[in-house]
Amino acid sequence: KNAYSVFYNISKGTGSYSDASYAVVKNASNQLELVPAYAQWAVASVTTSGDATTYHTTLDSAVSAWADGSTLKLLADVTRASTISVTSGTKTLDLNGYTIDRNLSSAAFNGYVILVYGNLTITDSRTGGTITGGNNDSSGGGVYVSSNGTFNMTGGTISDNTTSSSGGGVWNNGTFQISGSPKIT
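Definitions and cut-offs
- Residues numbered from 1 in each chain as written.
- Predicted model: local features only at pLDDT ≥ 70, side-chain atom pairs only at ≥ 80, totals over all residues.
- Heavy atoms only, no water.
- Pairing = 2+ DSSP bridges.
- Helix = DSSP H or I, 4+ residues; strand = E, 2+ residues; numbered from the N terminus.
- Axes fitted to C-alpha atoms, helices over the stretch in contact; angles between N-to-C directions.
- Core = buried A, V, L, I, M, F, W, Y, C linked by side-chain atoms within 4.5 Å.
- Buried < 20%, exposed > 50% of the residue type's maximum accessible area, 1.4 Å probe, protein only.
- Contact = heavy atoms within 4.5 Å.
- Phe/Tyr/Trp six-rings, centres within 6.5 Å; stacked < 30°, edge-to-face > 60°.
- Lys NZ or Arg CZ within 6 Å of the ring centre and 35° of its normal.
- Salt bridge = Lys/Arg side-chain N within 4 Å of Asp/Glu carboxyl O.

**Overview of the pairing of strand E9 (residues 90-94)**
- The pairing of strand E6 (residues 71-74) with E9 spans three bridges and is parallel. Note on E9: the bridge partner recorded for leucine 72 is leucine 93.

Dropping the structure here:
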């Protein structure tokens, strides 16, 4: 990412205050955006239902912080070595125009990209967000929805995932709802 330091002065009576704790970054839409300085290296953010946002330099860190009622938003393309598991609660994943790639060239045990036991909604606040690279040795290459799971997809694309059995894109044993214009190929 291209980053630029921004110094600003705030007048405080007879003195001034300077701070370099913010950076201007060029986002995926090629627009400049003011973010906390540490956020310029983030690959994801997590926003709680109380609107508190934390920035994470690894997807593992973001997934660990992703609590019930919160939204994990991608800020860069990421390759994930292991499955993202939504084991309980209600969570939202905003692809934000970026890609999660499992990058599996051969079938693997638990080779899906996302496993849903709880309630997951996938959105894409920009276009082009993709879940790809899953290669499971049974069913569900991209997303596996368990019998207790609910999966809502309102945006993004699930593509180029494979299995040794069924459901290369999505394998559903629970509840699966689509609205908007997501794609599964």
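**Quick look at the sheet that holds strand E16 (residues 150-153)**
- Strand order across the open sheet formed by seven strands is E5-E4-E6-E9-E12-E16-E20, with mixed pairing between neighbours. Edge positions in the open sheet fall to strand E5 (53-56) and strand E20 (175-178), since each of these has one partner strand only. Between one strand axis and the next, the sheet turns through 15° on average, direction left out of account.
- Taken together, the four bridges between strand E12 (residues 119-123) and E16 define a ladder with parallel strand orientation. Looking at the pairing, leucine 120 lines up with phenylalanine 151 of E16.

**Some details on unusual backbone geometry**
- With phi around 55°, asparagine 96 is a residue other than glycine that occupies positive phi space.
- Within the element layout of this structure, asparagine 96 appears in the loop between E9 and strand E10 (99-101).
- We note that aspartate 160 has phi near 55°; this positive angle belongs to a residue other than glycine.
- As for its position among the elements, aspartate 160 is in the loop between strand E17 (157-158) and strand E18 (162-163).

**Structural notes on the nonpolar core**
- With 29 residues, the main nonpolar core has Leu59, Leu72, Leu93, Ile114, Leu120 and Phe151 as its most contacted residues.
- If we skip the residues at most four places from it in the chain, leucine 120 touches Trp66, Val86, Lys91, Thr92, Leu93, Ile114, Thr150, Phe151 and Asn152.

**Remarks on the sheet that holds strand E13 (residues 130-132)**
- Within the open sheet, the five strands sit side by side as E7-E10-E13-E17-E21. Their pairing is parallel. Either end of the sheet is taken by a strand with one partner, and the two such strands are strand E7 (78-79) and strand E21 (183-184).
- Pairing analysis gives two bridges linking E13 to E17, with the strands arranged parallel. Bridged to isoleucine 131 within E17 is isoleucine 158.

**Topic: the pairing of E5**
- Examined bridge by bridge, strand E4 (residues 44-47) and E5 share four bridges and lie antiparallel to one another. Opposite valine 46, over in E5, you have threonine 54 as the bridge partner.
- Linking E4 to E5, which pair antiparallel, is a turn of five residues; within it aspartate 51 sits at a positive phi near 70°.

**Observations regarding the packing of aromatic side chains**
- Scanning the entire structure with this criterion turns up two aromatic pairs.
- An angle of 35° between the planes, with centres 5.4 Å apart, marks the rings of tyrosine 112 and tyrosine 144 as tilted. Of this pair, tyrosine 112 sits in the loop between E10 and strand E11 (114-116) while tyrosine 144 sits in strand E15 (residues 143-145); the two residues are 32 residues apart in sequence, bridging distant segments of the chain.
- The interplanar angle of 10° and the centroid separation of 5.0 Å between the aromatic rings of phenylalanine 151 and phenylalanine 176 together place this pair among those described as stacked. Separated by 25 residues along the polypeptide, phenylalanine 151 in strand E16 and phenylalanine 176 in strand E20 bring together distant segments of the chain.
- In this arrangement the basic side chain of lysine 91 is found over the ring face of tryptophan 66, its NZ or CZ atom lying 5.3 Å from the centre.

**Some details on the pattern of salt bridges**
- Overall, the coordinates contain one salt bridge when judged by the stated rule.
- Among the salt bridges present, the one from aspartate 60 reaches arginine 80, with a minimum N-O distance of 2.4 Å. Of this pair, aspartate 60 sits in helix H1 (residues 59-65) while arginine 80 sits in the loop between E7 and strand E8 (84-86), and the two are 20 residues apart along the sequence.
- Residue class for arginine 80 comes out buried when judged on its relative accessible area of 8%.

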